[in-house]
Amino acid sequence: MSQPTPPGIAPHIPADLYQRAQATGQPVVFVINDSPAHDTWRKVLIPFAIAGATVAGGWGLVAAFCFLMDAAVHTFTVIAGAAGPIGVGGITLKLARSNDH
């Protein structure tokens, strides 16, 4: 004869152990560990992954800004070299040095 598992008891706890404890009045202590082992690593790794992605994105923004500034300065020097000296109201400004030594 098989005894059904009493209500509120996990299926892996033997029903006969529960029935014996009920008959003798002996207390039964159930210890349930409901946190998976990988949960601890997840709590540690997720913040580090977010911080790493933030740092990588920051360096990417710095690299893109440097590239854009380099392109802008190069464009400015090419335009200034082609334009020659610029004069306004009697003041002449030479934007780029000539290669004559």
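Preceding this section is the structure that the text describes.
This section reports on the structure supplied with the text. (Residues numbered from 1 in each chain as written. Predicted model: local features only at pLDDT ≥ 70, side-chain atom pairs only at ≥ 80, totals over all residues. Heavy atoms only, no water.)

1. Examining the overall build of the chain
The secondary structure content of the chain amounts to two helices and two strands. When its helices and strands are written in sequence order, the chain yields α-α-β-β. Residue burial in the chain is summarised as follows: out of 101 residues, 7% are buried. Put simply, the chain shows about 9,000 Å² of open surface, and 67% of that area lies on carbon and sulfur atoms. (Helix = DSSP H or I, 4+ residues; strand = E, 2+ residues; numbered from the N terminus. Buried < 20%, exposed > 50% of the residue type's maximum accessible area, 1.4 Å probe, protein only. Areas by Shrake-Rupley, 256 points an atom, 1.4 Å probe, with all protein chains shown as cover.)

2. A closer look at a nonpolar patch on the surface
A cluster of nonpolar side chains, contributed by Trp41, Val44, Leu45 and Phe48, occupies part of the molecular surface with about 490 Å² of accessible area. Examined against the element boundaries, Phe48 turns out to sit in helix H2 (residues 37-83). The exposure class of Phe48 is exposed, given its relative accessible area of 62%. (Patch = residues over 30% accessible without salt bridge, like charges linked within 9 Å, V, L, I, M, F, W, Y side chains within 5 Å. Salt bridge = Lys/Arg side-chain N within 4 Å of Asp/Glu carboxyl O.)

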